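Residues per chain, in single letters:
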Amino acid sequence: MRTTKEETKRDGLLESPWQQAGNGVSSGVLTDQVYDCLIVGAGITGLTAGLILQQAGKRVIIADLRTVGFGTTGGTSAHINNFADTTYAEAESAFGEKGAQLFADAIQEGAALIKTNVDRLGIDCDYEYKTGYIYAETDQEVKQLDDIYQGMLKVGIPAVYNEEAPIPVPFKKVLEITGQAQFHPIKYLMALRDAFFKAGGMLSENTLIDKLESEGNIHSVLINDKRISAKRVIYATHMPPGINVFSFRCAPYRSYVLAVKLKDDKYPDAVVYDLQEPYHYVRTHVINGEPLLLVGGNDHKTGHDDPAKAFSDLEEYTRKFYNVSSVKYRWSSQYYVPADGFPYIGQIPFMADGILTATGFNGNGMMLGTISAKILADQAIGVANRYSEIFSTSRIKPIDGFTEFVKENADVAYHLVADRFGIPETDSLERLVPGTGKVLEYDGKKLAVYRDEQGNIQALSPVCTHAGCIVNFNTSEKTWDCPCHGGRYNTDGSVITGPPTKALQQIQIN
Ligand code: FES
């Protein structure tokens, strides 16, 4: 638990512009208790669910391995949209008209719930409505944009083609969608936390929930020698721990953001998205009284491509189209792509009844995290929710989703086997540059070795403690990232992103 004002921590070395808004507060003392609900993870999903349940008269404890907003909510670019990465046309082809409509309703209800919280709790979190634009630069993208447009019309989202858009990039066609929004995610999250405390909720930061035991309808765990029990458990951690169906149905991706100052003050008063692969988006946010252009995208699967290159490509793209005076912030964050395009929300298959999760939000975590919280809270209380079935964790996947399913599984299998043999023999400890890490062979053993700026060496086992894939070094965030399910570790081996719960083994070398 934190008791003093301090900067919000995040799951990487790079600082996001949101972190300065954090402040620590005490939340009470842990005692042996039976709660109605234990929520694991204090991001937007966990805190929203906690607040809903606590305000409904339930007794809730939220535990986080680190601190409030440490994970993806602290690194999001905080878009609030009424459209999603899975387009409504794609949703219809995979889940039918009714499925697409429910998906659209869920996205919009998530966005509306954020606004309701902002108004009801009087949250000062830079919430602003913006007009959105999606533009096509090639004939193929024009076709894609037409599909997006048709899909939106079918689910009742007003979109119109326009001749102009507030961007310097040449385009062939642009779609205008009103009613988009943006906010400061950590200011919002801290206000949810304070409202949760005010309603009597309990928060335990720096707390690992491990070895959950279930007996009948009660699930319990030891936290600092106190036995904490709960009738329901919600894993709001993106991936629940252990090897489960989500390990094979969700793929981890990293996304990159720059916040830059412009020389010419031409900041767009809009949220704008292209259709390139990898894609880009821009929006403006005033941080500490200074407008900054947020440019994001260049996403890739975690642990696969070079993060430093993703940043340099993004900066090159930004400088090509904008008159950049300086780059104020650069940071990356993680999200999970579901194999069939829809999030998984509800009971974790093969776990005891009443252990729930929500995962696979794609790049739409603000809306889907928020609506997931409502769905999970309803399920925890036993109230019917009209989205439960379409997002069910045990849904039968539509046939055309199987290609993606097989691809993600094949990829994991590849890393489990091939990475063990792919270490170049020429890599040696002596050649390791300060501030970098590498998996290399030393004394006949494969090691994940990091050399800090002072030249000190930290050697670890490179074998991920989740399911045994080999980790890769993230040169930008200075973390060890697992290419299989997105587990991430500090340079000392400690876990910063699940699903692993155990540290990489430290190895002594001479
Ligand atoms: Fe699953 Fe590493 S996160 S093997």
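Remember, predicted model here, so these are calculated numbers, not experimental data.

Please explain the overall build of the chain as it appears in this structure.
Each helix and strand in the chain was counted, giving eight helices and 25 strands. The C-alpha radius of gyration computed for the chain amounts to 22 Å, which stays within 12% of the reference 24 Å derived for 510 residues, consistent with globular compactness. In terms of principal-axis extent, the alpha carbons of the chain reach across some 65 × 60 × 50 Å. Scored against the burial criterion, the 510 residues of the chain give a buried share of 58%.

Quick question: what am I supposed to make of the side chain of Gln54 here?
Locating Gln54 in the fold gives a position in helix α1 (residues 44-55). With near-sequence residues (within four places) excluded, Gln54 lies in contact with Arg59, Val60, Phe196, Ala199, Gly200 and Gly201.

Explain the nonpolar core to me, please; I cannot follow it from the model alone.
Among the nonpolar cores identified, the biggest contains 109 residues, and Met152 and Phe183 are the most heavily contacted of them. A total of 13 residues in this core trace back to one element, the largest contributor, which is helix α2 (residues 88-120). Residues in contact with Phe183, not counting those within four places in the same chain, are Ile44, Ala78, Ile80, Ile114, Cys125, Asp126, Tyr127, Tyr188, Arg283, His285 and Met366. Within the second largest apolar cluster, 22 residues are counted, among which are Tyr35, Ile61, Ile223 and Val233.

Before we go on, may I ask you to explain the sheet that holds strand β19 (residues 445-451) in this structure?
Remark on secondary structure: sheet strands pair via backbone hydrogen bonds, oriented parallel or antiparallel. Judged by pairing direction, the sheet is antiparallel, and its four strands sit side by side in the order β18-β19-β20-β25 without closing on themselves. Edge positions in the open sheet fall to β18 (436-442) and β25 (506-507), since each of these has one partner strand only. As defined by bridge partners, β19 adjoins strand β20 (residues 457-460) across four bridges and the pair is classed as antiparallel. When the sheet's bridge partners are listed, Ala448 is paired in β20 with Leu460.

Explain the sheet that holds strand β23 (residues 488-489) to me, please; I cannot follow it from the model alone.
Pairing within the open sheet is antiparallel, and its four strands lie in the order β21-β22-β23-β24. If you trace the sheet from one side to the other, it starts and ends with β21 (472-474) and β24 (495-497), each paired once. Where strand β22 (residues 479-481) meets β23, two bridges bridge the pair, whose relative direction is antiparallel. Each bridged residue has a counterpart across the sheet, and for Trp480 the counterpart in β23 is Tyr489.

In this structure, what is going on with the state of the cysteines? I would like to understand it.
Between two cysteines, a covalent bond joining their sulfur atoms is known as a disulfide. A complete count under the given rule lists one disulfide for this structure. Shown here is the disulfide that connects Cys469 with Cys484, its sulfur atoms set 1.9 Å apart. On the sign convention where negative means left-handed, the S-S torsion of about -80° between Cys469 and Cys484 marks this disulfide as left-handed. Taken as a pair, Cys469 in the loop between β20 and β21 and Cys484 in the loop between β22 and β23 lie far apart in primary sequence, 15 residues in all.

Whenever I open this one, α2 confuses me. Can you help?
Think of an α-helix as 3.6 residues a turn; residues three or four steps apart then line up on the same face. For α2, built from 33 residues, the straight-helix expectation of 48 Å at 1.5 Å per residue is missed by more than 12%, its first-to-last C-alpha distance being only 30 Å. Roughly 130° is the biggest bend found in α2, and it falls at Phe95. Backbone geometry just after α2 places Gly122 at a positive phi near 60°.

Sorry if this is basic, but what is going on with the packing of α1 against helix α7 (residues 365-381) here?
Running from N to C, α1 and α7 point in directions that differ by 40°, and their axes come no closer than 8 Å. As far as their axial angle goes, α7 and α1 are oblique. The chirality of how α1 crosses α7 is right-handed. Residue-level inspection shows Ile44, Thr45, Thr48, Ala49, Ile52 and Leu53 of α1 in contact with α7, the latter providing Gly365, Met366, Gly369, Thr370, Ser372, Ala373, Lys374, Leu376, Ala377, Ala380 and Ile381. The residue inventory of the contact of α1 with α7, partitioned by class, reads ten nonpolar, six polar and one charged.

Where do I start with unusual backbone geometry in this structure?
Excluding glycine, a negative phi dihedral is what most residues carry, and trans is how most peptide bonds are arranged. Residues Glu277 and Pro278 are joined by a peptide bond in cis, for which omega reads -5°. The residue Pro278 is located in the loop between β12 (270-273) and β13 (280-287) in this model. Across the junction of Gly498 and Pro499, the peptide omega takes the value 15°, indicating a cis bond. Residue placement: Pro499 occurs in the loop between β24 and β25. Phi is positive for Asn224, which is not a glycine, with a value near 45°. The backbone of Asp443 shows a phi angle near 55°, a positive value even though the residue is not glycine. For Asp443, the position within the fold is in the loop between β18 and β19.

Got a minute to help me understand the pairing of strand β9 (residues 218-223) in this structure?
Across a regular strand the side chains alternate sides, sitting on one face of the sheet and then on the other. Where strand β8 (residues 213-215) lies against β9, three bridges are found, and the strand directions are antiparallel. In the sheet register, Ser214 faces β9, and the bridge partner there is His219. Bridging between β9 and strand β10 (residues 226-235) involves five bridges; their strand directions are antiparallel. Bridged to Ser220 within β10 is Ser229. Connecting the antiparallel pair β9 and β10 is a turn made up of two residues, with Asn224 showing a positive phi of about 45°.

Cut-offs and rules
- Residues numbered from 1 in each chain as written.
- Predicted model: local features only at pLDDT ≥ 70, side-chain atom pairs only at ≥ 80, totals over all residues.
- Heavy atoms only, no water.
- Helix = DSSP H or I, 4+ residues; strand = E, 2+ residues; numbered from the N terminus.
- Rg over C-alpha atoms; globule rule 2.2 N^0.38 Å.
- Buried < 20%, exposed > 50% of the residue type's maximum accessible area, 1.4 Å probe, protein only.
- Contact = heavy atoms within 4.5 Å.
- Core = buried A, V, L, I, M, F, W, Y, C linked by side-chain atoms within 4.5 Å.
- Pairing = 2+ DSSP bridges.
- Disulfide = S-S within 2.5 Å.
- Expected span 1.5 Å × (residues − 1).
- Bend = angle between axes of the 7 residues up to and from the residue.
- Axes fitted to C-alpha atoms, helices over the stretch in contact; angles between N-to-C directions.
- Parallel < 35°, antiparallel > 145°, perpendicular 65-115°, else oblique.
- Left-handed = near helix turned anticlockwise from the far one by under 90°.
- Nonpolar A, V, L, I, M, F, W, Y, C, P; charged D, E, K, R; others polar.

Such coordinate-based values are descriptive only and should not be taken to indicate function.
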